[in-house]
Amino acid sequence: MAKTKEKVQLTEVLNQQVANFSVLYMKLHHYHWYVKGENFFTLHVKFQELYTEAALHLDTIAERMLSLGAAPTATLKEQLELSSIKEAAGDETAGEMVQTLADDFNNVCSELTEGITVAEDKDDQPTADMFIAIRTSLEKHGWMFKAYLAE
């Protein structure tokens, strides 16, 4: 019985990140399409880089779930319900877009840290390593967002 409970807990952690990266992927597309202002050229390209990376993380996490015999969330409705990331509001300025992403990435990093602990407690080093690699990338982007916002 304990193994089933452990599996559900790790599955929930993984599924929340599938949902987060699904919502983040669309949010980054929205920002890519609708960014305006003097930093358009810089941010337009950066947002494209970030949504491309988000898609890779999404696929990696979902495939990890499948390899563990779990089913990743695959509907927008379910992803919006599970995600701690909120959709783009639609009226953000370029600076607000960057600040929102900085906050989102920081939140996801905190969740990944918790996920690393859950995975390690379950002796699931591959999942822990996957979360560590994703967190490392998001932390670097977070540092860049902070540097951008300090202008």
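Residues numbered from 1 in each chain as written. Predicted model: local features only at pLDDT ≥ 70, side-chain atom pairs only at ≥ 80, totals over all residues. Heavy atoms only, no water.

Peer 1: Sorry, what's going on with the overall build of the protein chain here?
Peer 2: From N to C terminus, the protein chain includes 5 helices and 0 strands. Secondary structure of the protein chain in N-to-C order comes out as α-α-α-α-α. For the protein chain, the C-alpha atoms occupy an extent of roughly 55 × 30 × 20 Å along the three principal directions. Counted over contacts in the protein chain with a minimum sequence separation of 6, partners at least 24 positions apart contribute 80%. (Helix = DSSP H or I, 4+ residues; strand = E, 2+ residues; numbered from the N terminus. Contact = heavy atoms within 4.5 Å.)

Peer 1: Would you mind showing me how to read the packing of aromatic side chains here?
Peer 2: Within a pair of aromatic rings, the relevant descriptors are the distance that separates the centres and the angle that separates the planes. Following the criterion strictly, the structure yields 4 aromatic pairs and no others. On the numbers, 5.7 Å between centres and 50 degrees between planes, the contact of Tyr-31 with Phe-47 is tilted. Taken as a pair, Tyr-31 in helix α1 (residues 2-34) and Phe-47 in helix α2 (residues 40-67) lie far apart in primary sequence, 16 residues in all. Each member of the pair, Tyr-31 as well as Phe-47, is classed as buried. With a centroid separation of 5.2 Å and 70 degrees between ring planes, the pair formed by Phe-105 and Phe-145 is classed as edge-to-face. Here Phe-105, found in helix α4 (residues 94-121), pairs with Phe-145, found in helix α5 (residues 125-149); they are 40 residues apart in sequence, far enough to count as distant. Across the pair, exposure class does not vary: Phe-105 and Phe-145 are buried alike. (Phe/Tyr/Trp six-rings, centres within 6.5 Å; stacked < 30°, edge-to-face > 60°. Buried < 20%, exposed > 50% of the residue type's maximum accessible area, 1.4 Å probe, protein only.)

Peer 1: Hey, could you run me through the packing of α2 against α4 in this one?
Peer 2: Each pair of packed helices can be described by the angle between their axes along with the distance between the axes. In the contact formed by α2 and α4, the axes pass within 12 Å of each other and the chain directions differ by 25 degrees. With respect to α4, the axis of α2 lies roughly parallel. As α2 packs across α4, the resulting crossing turns out to be left-handed. Across the interface between the two elements, Leu-43, Phe-47 and Leu-50 of α2 pack against Ala-94, Met-97, Val-98, Leu-101 and Phe-105 of α4. Split into classes, the residues belonging to the contact of α2 with α4 amount to 8 nonpolar, no polar and no charged. (Axes fitted to C-alpha atoms, helices over the stretch in contact; angles between N-to-C directions. Parallel < 35°, antiparallel > 145°, perpendicular 65-115°, else oblique. Left-handed = near helix turned anticlockwise from the far one by under 90°. Nonpolar A, V, L, I, M, F, W, Y, C, P; charged D, E, K, R; others polar.)

Peer 1: For this particular structure, what's the right way to read the environment of Phe-131?
Peer 2: You can see Phe-131 is positioned in helix α5. Spatially, the C-alpha atom of Phe-131 lies 9.3 Å from that of Leu-14, the residues being 117 residues apart in sequence. Not counting the four nearest positions on each side in its chain, Phe-131 is found in contact with Val-13, Leu-14, Gln-17, Leu-112, Gly-115 and Ile-116.

Peer 1: I would appreciate a short explanation of α5 in the present structure.
Peer 2: Because each turn of an α-helix spans 3.6 residues, side chains separated by three or four positions end up pointing in the same direction. Across its 25 residues, α5 extends 36 Å between first and last C-alpha, which sits within 8% of the 36 Å expected from 1.5 Å per residue. Those residues of α5 that sit buried are Thr-127, Ala-128, Met-130, Phe-131, Ile-134, Leu-138, His-141, Gly-142, Phe-145 and Tyr-148. (Expected span 1.5 Å × (residues − 1).)

Peer 1: Please explain the nonpolar core as it appears in this structure.
Peer 2: Considering soluble globular proteins, one finds that nonpolar side chains tend to be buried as a cluster. If you look at the biggest cluster of nonpolar residues, it comprises 40 residues, and the most contacted ones within it are Phe-21, Leu-28, Phe-47, Leu-101 and Leu-138. Looking at this core element by element, the count peaks at 12 residues for α4. Beyond its immediate stretch of four places on either side in the chain, Leu-101 contacts Leu-24, Lys-27, Leu-28, Tyr-31, Phe-47 and Phe-145. (Core = buried A, V, L, I, M, F, W, Y, C linked by side-chain atoms within 4.5 Å.)

Peer 1: Can you walk me through the side chain of Gln-17 in this structure?
Peer 2: Secondary-structure assignment places Gln-17 in helix α1. Residue Gln-17 is classed as buried on the basis of its relative accessible area of 1%.

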